[in-house]
Amino acid sequence: MQIFLASGPFRALRHKNYRYYWFGQAISVIGSWMQNMAMQWLALELTNSALLLSIVTAVEQVPVMILSLFAGAILDRKQKKRVILLTQSLLLTFAFLLFLITYTHVVRYWHLVVLAFMRGLVTTFDNPARQSYMITLVGKDDLPNAVGLNSMIFNLARIIGPAVASLVISTVGIEMCFLANAISFIPVIIGVFLIDAREHQKEENGKSVFAEVVDGLKYVYTNKVLLRTISLVLIMGTFILNFNVLIPVYAKLALGRNETGFGLLMSSMGIGSLMGAFLTAIRKKENINLNLLFKFILSVSIVYILLGFNKSYTAACILFVLVGLLAISFNTSANSLLQLSSSDDFRARVLSIYFLCNAGTTPIGHLFTGTISQKISPWAGFYISGLVTIVLTIIVLITTFKKRNLEKTK
């Protein structure tokens, strides 16, 4: 067993502190995916509008757009363990409130908007805190494996969560998905509490938070690998990662499916995502580079275009497997590359920029795809997003090669 953990695809689990973190997350993310699906379906049932659904999903990312850079600067000064315990407790509270208002039949559309905003406010600090904490738990050598394993449980939950949620919604009621999510936060809170790891402590320099933000932006701008990776993440986050809007609309309005059909599409993407996360977990850190990211983003764009012209439910399930595989392969590889290319003093700030570009720009993408899906057709959101992504990626690719050639001639 020890030999398997030392060199196998689960090698990060040989670190006791990471095991506490990982097993707690394994339970919690199932509840989170149940809530994600239930909240999307509830918003669509209350409004029957792709645009209003896109507003709910966009509102959750607004705090990331506004506060993400400041969150990174603050987190570089704080103990990540304390932050994670606080954020996970708040997310538990929000899930329980959602259960109460749904169970008592007083839920209204504006409730979903407010709770989505509050959840987004907390996850603005929670996501970079959890991601930057992993290197403390496993070290640099096992970091890509830890990122991959974390993504594996996230995407296994993407398969299990929507399938369970669709069953729960059709049998005992949508409110039980929110209660299950609230309960699922308890194991991760216990796991993080048990962690005993010494964190890197940044030296006090007397700078304001704003000055720290500026330093973080300069650090990314002057590092070629970080800048180009962030550019690709920005494109991906804006035009591809719009699943919360595109898939329920595609399932209901394009393919004529109910919540079960929606859940199966989400699970199909989850299967592909799990495969992509596993491939990242077994990939050596030396093989994670910019060329790999270019291949992933161009490939997923092509699959999006195919979805935009597809009218078969079976074919959609197959294509969503590919979307999940390519999207997660891109995200986990970009996450690992950014962390490995960052110093300890800047890692949280670099990751906050990553989350700003990966999730903070999705309100723009949600409104973009929601409007296109409603004004043109449920298929248009896919093929237009795919085409825009290809054009922008080629621009970054050409710019990258031009800079490389200039550097060689100097």
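Each chain carries its own residue numbering, running from 1 in the direction its sequence is written. pLDDT decides what is reported in this predicted model: residues at 70 or higher carry local features, side-chain atom pairs at 80 or more are listed and counted, and totals for whole chains, interfaces and linings draw on all residues regardless. Only hydrogens and water are removed before side-chain values are computed, so all heavy atoms of the structure are retained for them.

Draft legend 1. Spotlight on the overall build of the protein. Secondary structure follows DSSP: runs of H or I at least 4 residues long count as helices, runs of E at least 2 residues long count as strands, and numbering of each begins at the N terminus. For the protein, the helix and strand inventory stands at 17 helices and zero strands. In this treatment the radius of gyration is a C-alpha quantity, and the globule benchmark scales as 2.2 Å times the residue count to the 0.38 power. The C-alpha atoms of the protein give 20 Å as radius of gyration, which agrees with the globular expectation for 410 residues (22 Å, within 12%). In the protein, which comprises 410 residues, the share counted as buried stands at 59%. Note on definitions: a residue-residue contact is assigned when non-hydrogen atoms from the two residues lie within 4.5 Å. Expressed as a percentage of contacts within the protein between residues at least 6 apart in sequence, the contacts between residues at least 24 apart total 87%. Under this rule, positive means Lys or Arg and negative means Asp or Glu; His and the chain ends count for nothing. A single reference atom marks each charge: NZ on Lys, CZ on Arg, CG on Asp, CD on Glu. Charge centroids of the protein, computed over 35 positive and 18 negative side chains, lie 7 Å from each other. Burial classes follow relative accessibility: with a 1.4 Å probe on protein chains only, a residue under 20% of its type's maximum area counts as buried, one over 50% as exposed, and anything between as partly exposed.

Draft legend 2. View of unusual backbone geometry. A positive phi is found at Asn 48, a non-glycine position, where the angle reads about 55 degrees. Tracing the chain through its elements places Asn 48 in the loop between helix H2 (16-47) and helix H3 (50-59). The class of Asn 48 is exposed, set by a relative accessible area of 54%. Even without being a glycine, His 105 presents a positive backbone phi close to 60 degrees. Tracing the backbone shows His 105 in the loop between helix H5 (80-103) and helix H6 (109-138).

Draft legend 3. View of the nonpolar core. What makes a nonpolar core is a set of buried Ala, Val, Leu, Ile, Met, Phe, Trp, Tyr and Cys residues whose side-chain atoms join them at distances within 4.5 Å. Ranked by size, the top nonpolar core spans 86 residues in total, and within it Tyr 250, Leu 265, Phe 320, Val 323 and Phe 330 carry the most contacts. The element contributing the most residues to this core is helix H14 (residues 313-340), with 13 residues. Summarising the domain contributions, this core has at least three residues from each of domain 1 (1-198) and domain 2 (208-409). Not counting the four nearest positions on each side in its chain, Phe 330 is found in contact with Leu 232, Val 233, Met 236, Leu 293, Phe 296 and Ile 297. By size, the runner-up hydrophobic cluster in this structure holds 34 residues, among which are Leu 13, Trp 22, Leu 149 and Val 192. All domain edges in this entry derive from an automatic or database-based domain assignment.

Draft legend 4. Structural view of the packing of aromatic side chains. Note on ring pairs: Phe, Tyr and Trp rings are taken, using the six-membered ring of Trp, and paired if centres are within 6.5 Å. Classes follow the plane angle, with under 30 degrees stacked, over 60 edge-to-face and the rest tilted. Under the definition given, this model contains ten aromatic pairs. Here Phe 320 and Phe 382 contribute two aromatic rings whose centre-to-centre distance is 5.9 Å and whose plane-to-plane angle is 65 degrees, an arrangement assigned as edge-to-face. Separated by 62 residues along the polypeptide, Phe 320 in helix H14 and Phe 382 in helix H17 (residues 380-409) bring together distant segments of the chain. Each member of the pair, Phe 320 together with Phe 382, is buried. Taken together, the ring pairs in this structure connect Phe 96, Phe 99 and Tyr 103 into an aromatic cluster. Charge over a ring is defined by NZ of Lys or CZ of Arg lying within 6 Å of the ring centre and within 35 degrees of the ring normal. Lying over the aromatic face of Phe 193, Lys 81 brings its terminal NZ or CZ to 5.8 Å of the ring centre.

Draft legend 5. Summary view of the pattern of salt bridges. Put simply, a salt bridge is a Lys or Arg side-chain nitrogen that is within 4 Å of an Asp or Glu carboxyl oxygen. Counting across every chain of the model gives five salt bridges. In this structure, Arg 11 engages Asp 142 in a salt bridge whose closest nitrogen and oxygen atoms are separated by 3.6 Å. You can see Arg 11 sitting in the loop between helix H1 (2-7) and H2 and its partner Asp 142 sitting in the loop between H6 and helix H7 (143-171), a full 131 residues away along the chain. The exposure class assigned to Arg 11 is buried, which follows from its relative accessible area of 14%.

Draft legend 6. Local environment of the domain arrangement of the protein. What the domain assignment lists for the protein is domain 1 (1-198) and domain 2 (208-409). Each of domain 1 and domain 2 was reduced to a C-alpha centroid, and the two centroids are 19 Å apart. Facing the 53 residues of domain 1 at the interface are 61 residues of domain 2. Accessible surface is computed with a 1.4 Å probe, and the buried area is the amount of it that two parts give up when combined, taken over both parts together. Interface area for domain 1 against domain 2, summed over the two sides, is near 5000 Å², with a carbon-plus-sulfur share of 71%.

Draft legend 7. Main features of empty space enclosed by the protein. Computed over the protein atoms alone on a 1 Å grid, cavities are sets of points where a 1.4 Å probe fits but cannot get out and pockets are open sets with protein on both sides within 12 Å along at least five of seven lines; a residue lines them when it has an atom within 4 Å of a point. Grid points are joined across faces, edges and corners, and a volume is the space filled by probe spheres set on the points. Following the criterion strictly, the structure yields three cavities of 30 Å³ or more and no others. In this structure, the largest cavity encloses a volume near 1300 Å³. Around the largest cavity, the lining is made up of 49 residues, and of these Trp 33, Asn 36, Asn 127, Phe 154 and Asn 358 lie nearest the centre. The residue inventory of the lining of the largest cavity, partitioned by class, reads 21 nonpolar, 23 polar and five charged. Two domains share the lining of the largest cavity, each providing at least three of its residues, namely domain 1 (1-198) and domain 2 (208-409). Residue polarity follows a fixed list, in which Ala, Val, Leu, Ile, Met, Phe, Trp, Tyr, Cys and Pro are nonpolar, Asp, Glu, Lys and Arg are charged, and the others, Gly among them, are polar.

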